[in-house]
Amino acid sequence: MNTLTIDDVDLKGKRVLVRVDFNVPMTGDGTISDDKRIVESLPTIRKILDSGGRPILMSHLGRPKGQPDPEFSLKPVAEYLGILLNVPVNFAGDCIGKTARQMAAEVRPGEVLMLENVRFHVEEEQNEMEFARELASLGDVYVNDAFGSAHRAHASTEGVARLLKPSVAGYLMKKEIDYLSKAVGNPKRPFVTILGGAKISGKIDVIQNLLPKVDVLVIGGGMAFTFFEAQGMEIGDSLVEREKIGVAKEILDMVKSRRLRLILPVDCVIADKLDNDAQRRIVPVSKIPSGWRALDIGPETVKLINLAMRNAKTIVWNGPMGVFEMSNFAAGTMEVARLLSQATKSGAVTIVGGGDSAAAVAQGGFDGSISHVSTGGGAALEFLEGKTLPGLAALDSKP
Ligand code: AMP
């Protein structure tokens, strides 16, 4: 990574304004149901504390529509962080204004200040300059550790980075970028990419960016059926994006003209309706009766994916293989998660690009046995598309 990190700046005595991504799932009573993003930010916060710096943390949580909403308060997160860090975490009820300024000025070494949700101000998502300036005034150094929000040019991710110098990356940001850029830029081969999810429209840019780089491309999930439709196959009531059939054809042509392997499902689990209790059957993809729809990949496809992964040295996975939210159509996705964990043990570098696939990995208990599970679904996807992440681009580069 060509960006300066917290290792490159003097933090001693400094008020260090850190953009973290504490947008964590919570139950109605304020209980955090998945703390991965908080846990992953601890090395950065600890580094600041250990260097004698004074961390001032800011984040968004949910979509509060630009105004205060107790449902999206970061207070429970601040309390939870205090328990994890075992240091006092004070909480400012607003991210700007007199109280925030006063509390930021008074943070003592060994303590942390957490600001209230930056999205309680409509100016955050508008990346409004005056709002960014107010945030910037709270710190002497800016650290962006919010990889999950790096694809957004918001005030706390991009505006502040331009106003408050030095502006550097935290350890989580560095880890995410290092894994993803190595996989995409300089992968150990064979390089296998597995894509799934509902629609090809959301993954076209990833496919086009990765096609010249991968050795094997696996396409599963609902998006595979637009490819089958493009090949003139009968797909029953399976998901299809008619307006993307042309793009699917182009991708199939591109695959033919390059020396890479494309694996599409050979069999699938079909159902007579989109319901966990629907009637189910496993059929070859060429035998989907009308009135039935494919909701998961079948066991023969899993075998093919297993074979493709056997010698792989780099594997990137993004998107479920079926409607994994319904237990009767989750097997294919869970099998891919298991195969990835197995491949990691055999020496492959495995990367899960956040979102649904990360949820499946967590559900299967495979988090610990994957090289890197990204904390940012949208950000990881945009990185894989080859796009510049504004929150990263605004940070200081190495000389
Ligand atoms: P995406 O946001 O495009 O990655 O899509 C994720 C969604 O795709 C999940 O909610 C899955 O339930 C859904 N999905 C995966 N496979 C299928 C399928 N065969 N038919 C319908 N939906 C699917």
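K.L.:
An account of helix H2 (residues 75–85) is needed here, citing residue identities and associated values.
P.N.:
Val77, Ala78, Leu81, Gly82 and Leu85 are the residues of H2 that are buried. Each buried residue of H2 sits inside an arc of 145 degrees when the element is viewed along its axis, so together they form one side. Note on H2: the residue one or two positions beyond its end, asparagine 86, has a positive phi of about 60 degrees.

K.L.:
With reference to specific residues and values, describe the pattern of salt bridges.
P.N.:
All chains considered together, the criterion is met by 21 salt bridges. Across the salt bridge formed by lysine 14 and aspartate 10, the nearest N and O atoms sit 4.0 Å from each other. A relative accessible area of 28% means that lysine 14 is categorised as partly exposed. Its salt-bridge partner being lysine 75, residue glutamate 79 comes within 3.6 Å of it at the nearest N-O pair. Residue glutamate 79 and its partner lysine 75 are both found in helix H2; the two are separated by four residues, about one turn of the helix. On the accessibility criterion, glutamate 79 (49% relative accessible area) is partly exposed. Within the structure, one salt-bridge network assembled from shared partners comprises Lys36, Glu40 and Lys175.

K.L.:
Explain the domain arrangement of the protein to me, using residue names and the numbers behind them.
P.N.:
Per the domain assignment, the segments of the protein are domain 1 (6–175) and domain 2 (187–384). The C-alpha-based centres of domain 1 and domain 2 are spaced at 35 Å. With eight residues of domain 1 at the contact, the number on the domain 2 side is nine residues. Summing both sides of the interface, domain 1 and domain 2 together bury roughly 790 Å²; the carbon and sulfur share of this comes to 65%. Looking only at domain 1, the three residues that lose the most surface to domain 2 are Lys36, Phe147 and His151, adding up to 63% of its buried area. At the surface where domain 1 touches domain 2, the tally comes to zero salt bridges. If you look at where domain 1 meets domain 2, you find two residue pairs in polar contact (both at pLDDT 80 or more). Those elements giving two or more residues to the side of domain 1 that touches domain 2 turn out to be helix H1 (36–50) and helix H7 (171–185). Class assignment for the residues of the side of domain 1 that touches domain 2 results in two nonpolar, two polar and four charged.

K.L.:
Quick rundown of the environment of glutamate 382? Include the residues and the values.
P.N.:
Positionally, glutamate 382 belongs in helix H14 (residues 377–384). Residues glutamate 382 and alanine 155, spaced 227 residues apart in sequence, show a C-alpha to C-alpha distance of 19 Å.

K.L.:
Now, about the site of the ligand: what can you tell me, with residues and values included?
P.N.:
Not every one of the 14 residues close to the ligand is listed here, only the nearest: Ala198, Lys203, Gly222, Ala294 and Glu325. Lysine 203 is positioned with one of its side-chain polar atoms (N or O) 3.0 Å from an oxygen atom of the ligand. Within the side chain of glutamate 325, an N or O atom sits 2.4 Å from an oxygen atom of the ligand. Protein contacts shield 75% of the accessible area of the ligand, which totals 500 Å² for the unbound molecule. Among the residues forming the shell around the ligand, the class breakdown is six nonpolar, four polar and four charged.

K.L.:
Any details on the pairing of strand E2 (residues 54–58)? Residues and values, ideally.
P.N.:
The buried fraction of E2 amounts to five of the five residues, a majority that puts the element mostly inside the structure. Here E2 shows a buried face lined by Arg54, Ile56 and Met58 and a second buried face lined by Pro55 and Leu57. Two strands pair when backbone bridges link them, and strand E1 (residues 15–19) and E2 are joined in this way by five bridges, in the parallel orientation. Considered in E2, the bridge of valine 18 is made with leucine 57. In terms of handedness, the path from E1 via H1 over to E2 forms a crossover that is right-handed. Strand direction decides the pairing type here: E2 and strand E4 (residues 112–115), joined by two bridges, are parallel. Among the inter-strand pairings, leucine 57 is bridged to a residue of E4, identified as methionine 114.

About the criteria used
Residues numbered from 1 in each chain as written. Predicted model: local features only at pLDDT ≥ 70, side-chain atom pairs only at ≥ 80, totals over all residues. Heavy atoms only, no water. Buried < 20%, exposed > 50% of the residue type's maximum accessible area, 1.4 Å probe, protein only. Helix = DSSP H or I, 4+ residues; strand = E, 2+ residues; numbered from the N terminus. Arc of directions from axis to C-beta. Salt bridge = Lys/Arg side-chain N within 4 Å of Asp/Glu carboxyl O. Domains from an automatic or database assignment. Contact = heavy atoms within 4.5 Å. Buried area = accessible area lost by both parts, 1.4 Å probe. Polar contact = N/O pair within 3.5 Å; in protein donor to acceptor, adjacent residues only side chain to side chain. Nonpolar A, V, L, I, M, F, W, Y, C, P; charged D, E, K, R; others polar. Near = heavy atom within 4 Å. Areas by Shrake-Rupley, 256 points an atom, 1.4 Å probe, with all protein chains shown as cover. Pairing = 2+ DSSP bridges. Right-handed = clockwise from strand over helix to strand, strands pointing away.

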